[in-house]
Amino acid sequence: MDSSLLDRYRHDRRKLLDFIISSGLISDVQSSSDIDYDAISADYVINCLQSGGVLDVSKATTKHVDESMFPPVIHSQRGDTFFLLSDPDSAGSPPQRAPPSVEASIDRQRSSIPMFYSNGSEATVSGHDIGENQFYAAPSSSKSAKKIDVPSLGLPALRTGLSDDDLRESAHEVLLSCIAFSGIAIHSSDNPKKDKGSRFLTGLKNRRGKRHLRSHSVENHFEHIDNIRVQMQISEAMDESIRQRLMQFSMKKSHVQVDIPQVIIELLSGIQQNEFLVESSYTQWRKRQANILEELFSSVNYPEMQELGILLDKIRNPEEWNIIMTPADRAEVLLAIRQVASSLSSMRGSSHVQGGSNYWNAGYHINIRLYERLLFGVFDILDEGQLIEEHAEYLKLVKLTWGTLGITQKMHDALYGWVLFQQFIETEELQLLDQANLQVQKVLSDSYKGGTEEQYTDSLMCTVTDNVTETRLSLVQAIFRAISLWCDSRLNDYHLHFKEKTVFFQKLVSIGLAVGKDNSVTDNEVKVTNLNANGKSVAVRATLYVERSLEAACRLIEDTINLVSKMEGKHPLAFLASEVRVVAERELYVFSPVLCQWCPDAGVVASVHLHQYYGKKLKPFLENVSFSVDAISVLSAAHHLEHYLIQSFNSKDGDNDVGSFSNHEIDFYQIHKISRPIVLDWLISQHERMLEWTGRTFHLEVWEPLSNQQKQAASVVEVFRIVEEVCIIMNNSRIFMCLIFLCDFSLQTVDHLFGLNLPMDISHLQALLSIIFHALDGYLQNLVSQLVDKKHLYPAPPPLTRYKETMFPIVKKKVLDSVILDEEVNEKLEGLTAVKLCVRLNTLEYMQKQIDILEDGIKKSWASTMVSGNSRDPAGTTDIMHDDSEAIDALFVATFDSIRDSIADAIRKIYDLVGTRVVFWDLRDSFLFRLYHGSVEGARLENLLPKLDSVLNQVCDLIEDTLRDRVVASICRAALEGYIWILLDGGPSCAFSDSDVTMMEEDLNMLKDLFVADGEGLPRSLVEMESKLAHQVLSLFSLDAESVIHMLMMASENLSTGFGSGIVGQRSLDDANTLVRVLCHMKDKEASRFLKLHYHLPPSSDYVDSPSNESTPKAAMGGAEFLRSASVRWGEKGNSSFRLLKKTFQGGSFRWS
């Protein structure tokens, strides 16, 4: 930039800033005196103007300093940024146009800078100097800054390389001339200059308040015309000069149809070099006018074009025009050109339209381009995605150019739709697409007049090239083709372009199908698709969109499949299946519902296409498949994908309305035939491994509660971890996954196999339930095998004796017999403490709960698997049958009811064992061998109760709440049984008199109250029922010996049951076994004498108690069996039977059994 132009720029910048600040457009200015306009930021001032804020000069100065330190950039919404090659401190604001191509030859001494656009045409950017009453460079459109691949209409090429800026400026001149010749004043010497001020400032000022529509009245014409200048981006000085010349020209030739050559010649003759600051600007302006004339004259095939070209070259040549030629010479050149223009203008055009000019047909390519530039003026230069508020008034003025440019209503609607569509491509503003669609529908409505005007419109031809074939189209067809090409370029890959902009999809499909060409038409013709009349053709195009877009989406997946699958550790086919499903889901929920408006089978087409695509990739893999982690993952992924494709799109009557399948439309993968034997064989092969795993887990168990909240054993949690995984997997129709956790696979294998989904039948279910059954049953069998028979816990009963006080203590006494427990039983008893038994009960109760959950989960999951896995297999393509529900139910009953029965049986055994363990083993010394031994008064129950209460507290804290009452009841029952044991089998040291019964009754009530626990323990009714026999036995000691002996003699009549039964439930008051033992423990001489006389029982004084925890019952002479076999009776048969019974007792061989 030379110094003079830079000085001019700075001068104008100062004047503009001074105008903005002093005009009152900014509400308040701080420190407004002595402002250095060269040192404040113009951007800061404009921001204050837009926001209505206070202008702080100090902040404006600081911002200017900050801006000078960095290259200026464009802060647009589109994010366009340009770095300047020049010094940023002196370059000023950045250019609004695209930077020149690197290949362009830049001559800084010339004002004409050639630029090469994407279509290969050379454009010339004009640069004008700035100055008051002088022409300056108007800011060029930023449309070219964003490179958009917009299809060409195929209009004849411009010979002179006119740029879009040249066409825009020429279009503005044509518009002003047409307005002037229509009788509307475009210039007035009375119009103050400030009224013609920048619309930019006016617009900013209006935007601070509510915008309003302006009335279309005569007094507002100047304002509208000034708005046109701003929208066409024309400098105020150039606009002022052109308006003045054209107003004068219209006054000389009023009510005459003006054409473009006349306007240009008038401007060339009226505007002189002295109105330009520099010669180069004037030269560039003349060159543009000469180029327009050449385009028009060459198009009409003027016979003396060579001579005319010489005249036009003189206008272009600055040296010849400005220096060599005199004013008379220049006037002579313009007169010659005027004569040629007049003769050509007077010739009737080939359009035969009334009022039609020769330039309509011959110069239609330049006319259409000029009209396009005019239509682009409807977009707000401050927000290119919005129409100006005055666009309706603006279009009315633009229509005044129809007679000059040869535009018809149909051409206007088509071109306006095309301009709106181009602006949508650039800005992606949805309302522009809606407006463009309305214009397209208007053109397709065929509501225009026919005749010569229609013939004229159709005669304007464009030439387009598809590959190597050239096709001639009418202008409307060319516009529709261009829109269709762009729509096709996006819709043929809509999964890429509309993945995040789905709102555009339906509207683009609508306009794309409306203007699309019928592919069935040949012979280089293009037939526009009528959206309403040719539904079949539209459906075909929609189908093509689906197929091509899916092909593009699949290609994109293939480009990354190997890398991504390797990174994620998946087989490529498994990864491909998951990605294809993602595409299918997006197709189903986003695109198919839209496309089905034009093609009802769009969803089916998509599903079939994706199914066939994956099938081709899968087929080679299936030919040699064998069991492996990769094989299972691929088969599962393929089955899952196939099921989704079929089920998702088979909903013609559903909510999505995306079509439905027929069996013949799809070639199924037959995954069930391949996977069934693989899965079944593998299931069977894992059975032994499963049992081994379960056994190993059980043998590591120490029977300690997991925590205060989780009171079951760790091993059952580990086993049911499998069960829980089964439930989760089954709920997701992934039965096969449960086996992963039943086997000792590596973590990597588990990761590979997780998430499988394969078709199943009843054989797989049977194998699965068999594994679960044997796993749980094996666990239960191991648990029960650790238990012992509770008979091992009872102490060996002492021999029956008759009461006799010790007379000589020094006499040597007999010791009670004891038997050592088996080593195996003893080892088991060490692990069967009350605590560990409670943990086992908690474990079994946990299993009961989990079994119900497991069964329900598997049933639901199996039903879901049958529906999702096999229901879509077509008849004749698979031998998988829907399994009979009764057979399925029978299979579940056989499996889970058996497990429930085993659990219930184990719980009953432990209930019986835990009470016996506590009373007859843990409390043997303090309870059985201490209570009432020696004397009742000296060995009362109250000394034992704290220990028993401590045991109960420990058990209640450990046991689950649902089990507590039954466990406490078991201990209560055992305690009462032990109490009876003391009364009947307490041994030689236990003898009771009448006076002891009262204390013993108190002790028994005390024992019952312990378990009732003031209503917080067991129900009193239950305790009373359990203690009934104890009260009955205790009541016998309150009777005299003769009564008991009489009862014994009466009970002998029913002695067939024998004496040896040690089961509490079989004791009763009329039981001879019970009555004999009562007599043995009575402190009564008559009872002792009776036992000595009739049974020859030894006296109690001959024995000393020496109990052992290792004792166990032993019947040396088989007394119990003998008594059960002997049919002895007392009574009339008395003597022989009595003698036989007596021998039994004399031998001392009767034992508690």
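Per chain, the residues get numbers from 1 upward, laid out in the order the sequence is written. For this predicted model, a pLDDT threshold of at least 70 governs which residues receive local features, and a threshold of 80 or more governs which side-chain atom pairs are given and counted, while totals over whole chains, interfaces and linings are taken from all residues. As a convention, hydrogens and water are excluded, and side-chain values are obtained from all of the structure's heavy atoms.

## Thoughts on the environment of Leu 485
With respect to the helices and strands, the residue Leu 485 is situated in helix 21 (residues 475–491). Burial here depends on accessible area, computed with a 1.4 Å probe over protein chains only, as a share of the maximum for the residue type. Under 20% is buried, over 50% is exposed, and the range in between is partly exposed. Judged by relative accessible area, which is 35%, Leu 485 ranks as partly exposed. Along the chain, Leu 485 and Gly 512 lie 27 residues apart, while their C-alpha atoms are 8.4 Å from each other. The numbering of helices and of strands both runs from the N terminus, where a helix is a DSSP run of H or I of at least 4 residues and a strand a run of E of at least 2.

## Looking at the pairing of strand 5 (residues 461–466)
Here, any two strands with at least 2 DSSP bridges between them count as paired. As defined by bridge partners, strand 5 adjoins strand 6 (residues 469–474) across six bridges and the pair is classed as antiparallel. Across the sheet, the residue bridging to Val 464 is Thr 471, located in strand 6. The turn linking strand 5 back onto strand 6 is made up of two residues, and Asn 467 within it adopts a positive phi angle of 60 degrees.

## Section: helix 10 (residues 279–299)
Multiplying 1.5 Å by the residue count of a helix minus one yields the expected span of that helix. Counted at 1.5 Å a residue, the expected span for helix 10 with its 21 residues is 30 Å, and the 30 Å between its end C-alpha atoms agrees. Burial within helix 10 is extensive, with 18 of its 21 residues counted as buried.

## Observations concerning the nonpolar core
Think of a nonpolar core as a cluster: buried Ala, Val, Leu, Ile, Met, Phe, Trp, Tyr and Cys residues, connected wherever their side-chain atoms sit within 4.5 Å. Judged by nonpolar contacts, the single largest core of 287 residues is most densely connected at Ile 337, Phe 421, Leu 508, Tyr 614 and Phe 1011. In terms of residue count, helix 36 (residues 885–922) provides more of this core than any other element does, 16 residues in total. Throughout, a residue-residue contact means that at least one pair of heavy atoms, one from each residue, lies within 4.5 Å. Beyond its immediate chain neighbours, meaning those up to four positions away, Ile 337 contacts Ile 265, Leu 293, Phe 297, Leu 308, Leu 311, Leu 312 and Ile 315.

## Considering the environment of Ile 771
Considering the arrangement of structural elements, one finds Ile 771 in helix 33 (residues 762–785). For the pair formed by Ile 771 and Met 690, sequence separation is 81 residues and the distance between their alpha carbons is 7.2 Å.

## Concerning the pattern of salt bridges
What makes a salt bridge here is a side-chain nitrogen of Lys or Arg within 4 Å of a carboxyl oxygen of Asp or Glu, nothing more. On inspection of all chains with the given rule, the structure shows 36 salt bridges. Put simply, Asp 38 and Arg 14 hold a salt bridge, and the shortest N to O gap is 2.8 Å. Separated by 24 residues along the polypeptide, Asp 38 in the loop between strand 1 (28–30) and helix 2 (42–51) and Arg 14 in helix 1 (residues 3–22) bring together distant segments of the chain. Classification of Asp 38 by relative accessible area gives partly exposed; the value is 34%. A salt bridge links Glu 294 to Arg 316; the shortest N-O distance between them is 2.1 Å. Of the two residues, Glu 294 is situated in helix 10 and Arg 316 in helix 11 (residues 305–316); the sequence distance between them amounts to 22 residues. With respect to burial, Glu 294 and Arg 316 carry one shared label: buried. Several salt bridges share partner residues, and in doing so they unite Asp 852, Glu 855, Lys 859, Asp 897 and Arg 900 into one network.

## Comments concerning helix 21
In a regular helix each residue adds 1.5 Å, so 17 residues correspond to 24 Å; helix 21 covers 24 Å between its end C-alpha atoms and thus fits that length. Where burial is concerned, most of helix 21 is hidden: 13 out of the 17 residues are buried.

## Notes on the confidence of the model for the protein
Every residue carries a pLDDT, the predictor's confidence in it, which falls somewhere between 0 and 100. Across the protein, the average pLDDT comes to 75, with 73% of residues at or above 70. This stretch, residues 652–659, has a pLDDT under 50; its non-local contacts, to residues over four places away or in other chains, come to 25 contacts. Scored below 50 in pLDDT, residues 726–755 shows 75 contacts in the model against residues more than four places distant or in partner chains.

## Brief notes about the packing of aromatic side chains
Side-chain rings of Phe, Tyr and Trp, where Trp is taken by its six-membered ring, are said to pair if the distance between their centres is within 6.5 Å; with planes under 30 degrees apart they count as stacked, over 60 as edge-to-face, and otherwise as tilted. Applying the stated rule across the entire model yields 21 aromatic pairs. Where Phe 421 meets Trp 486, the ring centres are 5.5 Å apart and the plane angle is 85 degrees; that geometry is what we call edge-to-face. With Phe 421 in helix 18 (residues 409–427) and Trp 486 in helix 21, the pair connects residues that are 65 residues apart, well separated along the chain. Using a relative accessible area of 0% as the deciding quantity, one classes Phe 421 as buried. What makes Trp 486 buried here is its relative accessible area of 8%. Their ring planes at 75 degrees and their centres at 5.9 Å tell us that Phe 1090 and Tyr 1095 sit as a pair that is edge-to-face. Look at Phe 1090 and you get buried, because its relative accessible area is 8%. Residue classification places Tyr 1095 among the buried positions, given a relative accessible area of 0%. Chaining the aromatic ring pairs together yields one cluster made of Phe 421, Phe 424, Trp 486 and Phe 504. By definition here, charges over rings are those cases where NZ of Lys or CZ of Arg is within 6 Å of the ring centre and within 35 degrees of the ring normal. Seen from the ring of Tyr 282, Arg 286 lies directly overhead, with NZ or CZ sitting 4.5 Å from the centre.

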